[in-house]
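The residues making up each chain are set out below.
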Amino acid sequence: MTFLTIFLLISNLKIEAKRKELKKEIESFKEKLQILEKRNEDLKKTISKAKSQSYWEEKAREEGYLKEGEEAIVIKRIGEKEKTETIWQRIINFFQK
């Protein structure tokens, strides 16, 4: 009888430890699920944005594409000169200073 009681007590302790471990794992999975659901919502918003014509026009303009009939305009500062120094000129200028 004592042996049976000890056996059941040890089994109960092992089951309780396993239950606690599984509860922690469930909580971890719930947190990961919330993160994934948030990411899923963000991706759905991005997909719905990508379906609009204005989104693609904006992306094309970022890449430098123009609509048919448009002209590109470049604005340059007055007095701005292009740097065409060679490496040797830079070295000479460095030692002259």
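Look up a bit, the structure's there.
Residues numbered from 1 in each chain as written. Predicted model: local features only at pLDDT ≥ 70, side-chain atom pairs only at ≥ 80, totals over all residues. Heavy atoms only, no water.

Enquirer: Give me the overall build of the protein: which residues, what numbers.
Expert: Secondary structure assignment for the protein yields 3 helices and 0 strands. Listed N to C, the secondary structure of the protein is α-α-α in terms of helices and strands. In terms of C-alpha radius of gyration, the protein reaches 34 Å, well past the compact-globule figure of 13 Å for 97 residues. Overall size of the protein, expressed as C-alpha extent along the three principal axes, is 100 × 50 × 15 Å. Carbon and sulfur atoms make up 59% of the accessible area of the protein, which totals about 10,500 Å². Taking the 23 positively charged and 18 negatively charged side chains of the protein as two groups, their mean positions are separated by 7 Å. (Helix = DSSP H or I, 4+ residues; strand = E, 2+ residues; numbered from the N terminus. Rg over C-alpha atoms; globule rule 2.2 N^0.38 Å. Areas by Shrake-Rupley, 256 points an atom, 1.4 Å probe, with all protein chains shown as cover. Lys, Arg positive; Asp, Glu negative; His and termini not counted. Charge placed at Lys NZ, Arg CZ, Asp CG, Glu CD.)

Enquirer: Give me the lowdown on the pattern of salt bridges, citing residues and values where you can.
Expert: Applying the stated criterion across every chain yields a total of 5 salt bridges. For Arg19, the salt bridge is made with Glu16, and the minimal N-O distance between the two is 2.9 Å. One end of the pair, Arg19, and the other, Glu16, are both in helix 1 (residues 2–50), 3 residues apart, so they sit about a helical turn from each other. Owing to a relative accessible area of 32%, Glu16 belongs among the partly exposed residues under this scheme. Of the charged contacts in the structure, one is a salt bridge between Lys59 and Glu62, with a shortest N-O distance of 3.6 Å. One end of the pair is Lys59 and the other is Glu62, both in helix 2 (residues 53–62) and 3 residues apart, which spans about a single turn. Taking relative accessible area as the criterion, Lys59 reaches 33% and is therefore assigned partly exposed. (Salt bridge = Lys/Arg side-chain N within 4 Å of Asp/Glu carboxyl O. Buried < 20%, exposed > 50% of the residue type's maximum accessible area, 1.4 Å probe, protein only.)

Enquirer: Describe in detail a nonpolar patch on the surface, supporting the description with residues and values.
Expert: On the surface, Ile87, Trp88, Ile91, Phe94 and Phe95 cluster together to form a nonpolar patch covering roughly 650 Å² of accessible area. Mapped onto the elements, Trp88 comes out in helix 3 (residues 87–96). (Patch = residues over 30% accessible without salt bridge, like charges linked within 9 Å, V, L, I, M, F, W, Y side chains within 5 Å.)

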